[in-house]
Amino acid sequence: MKFLLKLVPTLVSWYLRFVRLTSKITILNKENLEKAKSMSKHGNYALAAWHEHYPTSVISEIDTGMIVMASKSKDGTLAADTVMKLGFTPTRGSSSRGGAQALESMINQISQTSLCAAITVDGPRGPRHKPKRGIVHVSHECEIPILPIQCVSSRHICFEKSWDKTKLPKPFGHIYINYGEPFFAKGLNKEDLIKYSEQIVASQELLTKENRLYVDF
C-alpha cells in the first residue's frame, strides 16, 4: 500500500501533463497578467484561485516554479509531492495546522527571489468561496499584487460530494485561463481584511460570469 501511495504523485503529475498537452488553451484578459507583473519590483505576484479549480490552475502554471501551500495532512503530502513533480515549490501548512510557519516561509522565499505565489484562498477545507487572510499578508509583506485567476476546462469531472465541488480537467478539452484585475493589499486591519476578501469574491464572480460564456461548469 505504501508503495502504491508513493506512485500517486507521479501518476497524477503525468496525467495533468497529458491533459495540458492534449488541451487547447486560451488566455482571457492577459493584460491583467501583464499589469500584475509591472506592479512589483521583481515582476512577481500572488495568484488567488478558488480551491475547486486547483487541478486546472496547476495545469496553467506547470514548470513556472511558483510557491504553493499544501496542508500537513496525508492528502497534503500527496499534493506537495505532486506539485514538486510539476515544477512548483511547496510550503507546508494550513489555516488550522502550521499555517503561520508556512506563511512565513512563503513570504521569506518570495522576498528573496522573483518567485510568484499561488494560493487557493478558500482552501484547504473551506468554507467554499470564503477567502482566508493568508494571501493578503503575502501581498502586504512582499509588496506584490494579488492577481485573481480562474481556470476552467470544457471537459471535466465535477466531484459534487466534495466540499468545494472540485473540477478535474479531462484530456482533449479547451482550457480557459482568465485573469482578474490585480490589486495590492495595503493594510492589515480588520476593515482592510474584510475589504480585500470582498474584492477577491467580486473578482471571482466576474471571472465565473465571463468563463461561463465558454464553459458550462
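Procedures and definitions
- Residue numbers here run from 1 along each chain, matching the order of that chain's written sequence.
- Totals for whole chains, interfaces and linings use all residues, but because this is a predicted model, local features are given only for residues with pLDDT of at least 70 and pairs of side-chain atoms are given and counted only at 80 or more.
- Side-chain measures here rest on the full set of heavy atoms in the structure, leaving out hydrogens and waters.
- Think of a salt bridge as a Lys or Arg side-chain nitrogen and an Asp or Glu carboxyl oxygen that are within 4 Å of each other.
- Secondary structure elements follow DSSP: runs of H or I no shorter than four residues count as helices, runs of E no shorter than two count as strands, and numbering proceeds from the N terminus.
- Think of it in three bands: residues with accessible area under 20% of the maximum for their type are buried, residues over 50% are exposed, and the middle band is partly exposed, with areas taken using a 1.4 Å probe on protein chains only.
- Paired rings are identified among Phe, Tyr and Trp, the last through its six-membered ring, by centres lying within 6.5 Å, and are further divided according to the angle between planes into stacked (under 30 degrees), edge-to-face (over 60) and tilted (the rest).
- Comment: the charge-over-ring label is applied if NZ (Lys) or CZ (Arg) is within 6 Å of the ring centre and within 35 degrees of the ring normal.
- Residue types Ala, Val, Leu, Ile, Met, Phe, Trp, Tyr and Cys, when buried and joined through side-chain atoms within 4.5 Å, form a set referred to as a nonpolar core.
- Should any heavy atoms of two residues lie within 4.5 Å, those residues are considered in contact.

Chemist: What is the right way to read the pattern of salt bridges from this model?
Modeler: The full count for this structure, using the stated rule, is six salt bridges. Note that Lys 37 and Glu 34 form a salt bridge whose closest N and O atoms lie 3.9 Å from each other. A residue pair is termed a helical-turn pair when its members lie 3 or 4 positions apart in one helix, as Lys 37 and Glu 34 do in helix 2 (residues 30-38) at three residues. Overall, Lys 37 belongs to the partly exposed group, its relative accessible area being 35%. When the shortest N-O distance is used, the salt bridge between Glu 160 and Lys 165 registers 3.4 Å.

Chemist: I'm lost on the packing of aromatic side chains in this one. Help?
Modeler: For any pair of aromatic rings, geometry is given as the distance between the ring centres together with the angle between the planes. Taken as a whole and judged by the stated rule, the model has three aromatic pairs. Each ring, one from Tyr 176 and one from Tyr 214, has its centre 4.8 Å from the other, and the planes form 25°; the classification is stacked. Of this pair, Tyr 176 sits in strand 9 (residues 174-179) while Tyr 214 sits in the segment after helix 7 (190-211), placing them 38 residues apart in sequence. Its relative accessible area of 10% is what places Tyr 176 among the buried residues. Residue classification places Tyr 214 among the partly exposed positions, given a relative accessible area of 44%. Where Phe 183 meets Tyr 196, the ring centres are 6.0 Å apart and the plane angle is 20°; that geometry is what we call stacked. Within this pair, whereas Phe 183 is found in the loop between strand 9 and helix 7, its partner Tyr 196 is found in helix 7, the two being separated by 13 residues in sequence. Both residues of the pair, Phe 183 and Tyr 196, count as buried. It is Arg 212 that lies over the ring of Phe 217; its NZ or CZ is 4.8 Å from the centre.

Chemist: What exactly am I supposed to notice about the nonpolar core here?
Modeler: If you look at soluble globular proteins, the nonpolar side chains tend to sit buried side by side. Grouped together as the largest cluster of nonpolar side chains are 23 residues, with contacts concentrated most on Tyr 45, Leu 47, Met 66, Phe 88, Leu 147, Ile 149 and Tyr 179. When contributions to this core are tallied by element, the ones reaching two or more residues are helix 1 (2-22), helix 2, strand 2 (46-49), helix 3 (54-60), strand 6 (146-153) and strand 9. Among all residues touching Tyr 179, those that are not within four sequence positions of it are Ile 27, Leu 28, Asn 29, Asn 32, Leu 33, Leu 47, Glu 61, Leu 147, Pro 148, Ile 149 and Leu 207.

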